[in-house]
Amino acid sequence: ISGSKGTLEVTTNTAELSVASSDGSWTYDGSAHKKYEYTVTFGEESYTVTVAEGATSATATLSTGDKVTISPMATATITHVAESDVANAFTWEVENSSYYTKGEDTVGTLSVTAASLTITTGSDKKQYDGSALTADGTAAFGETSTTLTAGEAVTVSLAGSDSISVKVTGTQTAVGSSENGYEITWGNTASTDYNISGSKGTLEVTTNTAELS
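A quick note: this is a predicted structure, and the numbers were derived from the prediction, not measured.

This paragraph deals with the pattern of salt bridges. Inspection of every chain in the model, using the stated rule, returns 3 salt bridges. Between Asp105 and Lys102 there is a salt bridge, with its nearest N and O atoms 3.1 Å apart. According to the relative accessible area criterion, Asp105 is partly exposed, its value standing at 24%. Classification of Lys102 by relative accessible area gives exposed; the value is 52%. Salt-bridge contacts for Asp129 lead to Lys126; the nearest nitrogen and oxygen are separated by 2.9 Å.

Below is the structure:
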């Protein structure tokens, strides 16, 4: 028997393998938010991976048969506006990792925008009578509206377990006019989680027209 034996050689795949996590944005609602959605890219191949609720990882199977396993990091969650942009961080590994060329991963950003809270105070007008003129207001959050009784601290329920105390403070006794303002006590609720809009009324006392003689 004569002849020669050839050589079989497998080299590292030069197609870049990388993972990107998604961006996510929510309006503040008092809850923690996560977005465990990823895109695996292998050369011209692309796979979408979603980690199921309660699971710690998810996989994508490449054309080679090897599996890419992605695990979200515990820090990839956001609740409050003040947390700013949070990295949607993750780790990943692939079977037979030494056979692949790793590309550049992309980390998405998680953000929360402020919820809308509308506070409006009423306007009123009367002739001078020696007593203070006041007017009530309203606080509206979502589909719920709370009456704000003038001069009283009223509890207003907001997102989740949040609540604030709002007191309409406007008062006018002498002839003239002033803004019907209010004050808020935030307590354990973060003011940065809410965007306040609305309008303030005017309290006006005019000269009494009853003749004095």
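The discussion continues.
Moving on: the nonpolar core. Within the largest apolar cluster, 22 residues are counted, with the highest numbers of intra-cluster contacts made by Phe141, Leu148, Val156, Leu158, Ile164 and Tyr194. Contributing elements (two or more residues each) for this core: strand 10 (109-113), strand 11 (115-121), strand 13 (137-141), strand 15 (153-157) and strand 16 (163-168). Apart from residues no more than four positions distant in its own chain, Tyr194 is found in contact with Tyr28, Ala114, Ala115, Phe141, Leu158, Ala159, Asp162, Trp186 and Thr189. Ranked by size, the runner-up nonpolar core spans 17 residues in total, among them Val51, Ala58, Phe90 and Trp92.

Moving on, we get to the sheet that holds strand 19 (residues 194-197). Strand order in the open sheet formed by 4 strands is 14-13-11-19, with mixed pairing between adjacent strands. The sheet is open, and its two edges are formed by strand 14 (144-148) and strand 19, each paired on a single side. Within this sheet the neighbouring strands show an average axis-to-axis angle of 20°, counted without direction. Two strands pair when backbone bridges link them, and strand 11 and strand 19 are joined in this way by 4 bridges, in the parallel orientation. When the sheet's bridge partners are listed, Ala115 is paired in strand 19 with Tyr194.

With that out of the way, let us pick up the environment of Asp105. Structurally, the position occupied by Asp105 is in the loop between strand 9 (100-102) and strand 10. In this structure, the C-alpha to C-alpha distance between Asp105 and Phe90, residues 15 residues apart in sequence, is 9.9 Å. Ignoring any residue separated from it by four or fewer positions in sequence, one finds Asp105 in contact with Ser18, Val19, Phe90 and Trp92. Separated by 2.8 Å, the side chains of Asp105 and Trp92 make a polar contact.

Looking now at the pairing of strand 6 (residues 67-72). Of the two faces of strand 6, only one is covered, namely that formed by Val68, Ile70 and Pro72; the face formed by Lys67, Thr69 and Ser71 stays uncovered. Pairing of strand 5 (residues 58-61) with strand 6, which is carried by 4 bridges, proceeds in the antiparallel orientation. Among the inter-strand pairings, Thr59 is bridged to a residue of strand 6, identified as Thr69. Hairpin connection from strand 5 to strand 6: 5 residues lie between these consecutive antiparallel strands, with Gly65 at a positive phi of about 95°. Inspection of the sheet shows strand 6 paired to strand 8 (residues 90-94) by 5 bridges, in the antiparallel sense. Opposite Pro72, over in strand 8, you have Phe90 as the bridge partner.

So, how was this worked out
- Residues numbered from 1 in each chain as written.
- Predicted model: local features only at pLDDT ≥ 70, side-chain atom pairs only at ≥ 80, totals over all residues.
- Heavy atoms only, no water.
- Salt bridge = Lys/Arg side-chain N within 4 Å of Asp/Glu carboxyl O.
- Buried < 20%, exposed > 50% of the residue type's maximum accessible area, 1.4 Å probe, protein only.
- Core = buried A, V, L, I, M, F, W, Y, C linked by side-chain atoms within 4.5 Å.
- Helix = DSSP H or I, 4+ residues; strand = E, 2+ residues; numbered from the N terminus.
- Contact = heavy atoms within 4.5 Å.
- Pairing = 2+ DSSP bridges.
- Axes fitted to C-alpha atoms, helices over the stretch in contact; angles between N-to-C directions.
- Polar contact = N/O pair within 3.5 Å; in protein donor to acceptor, adjacent residues only side chain to side chain.

Worth remembering: the numbers are spatial, not functional.
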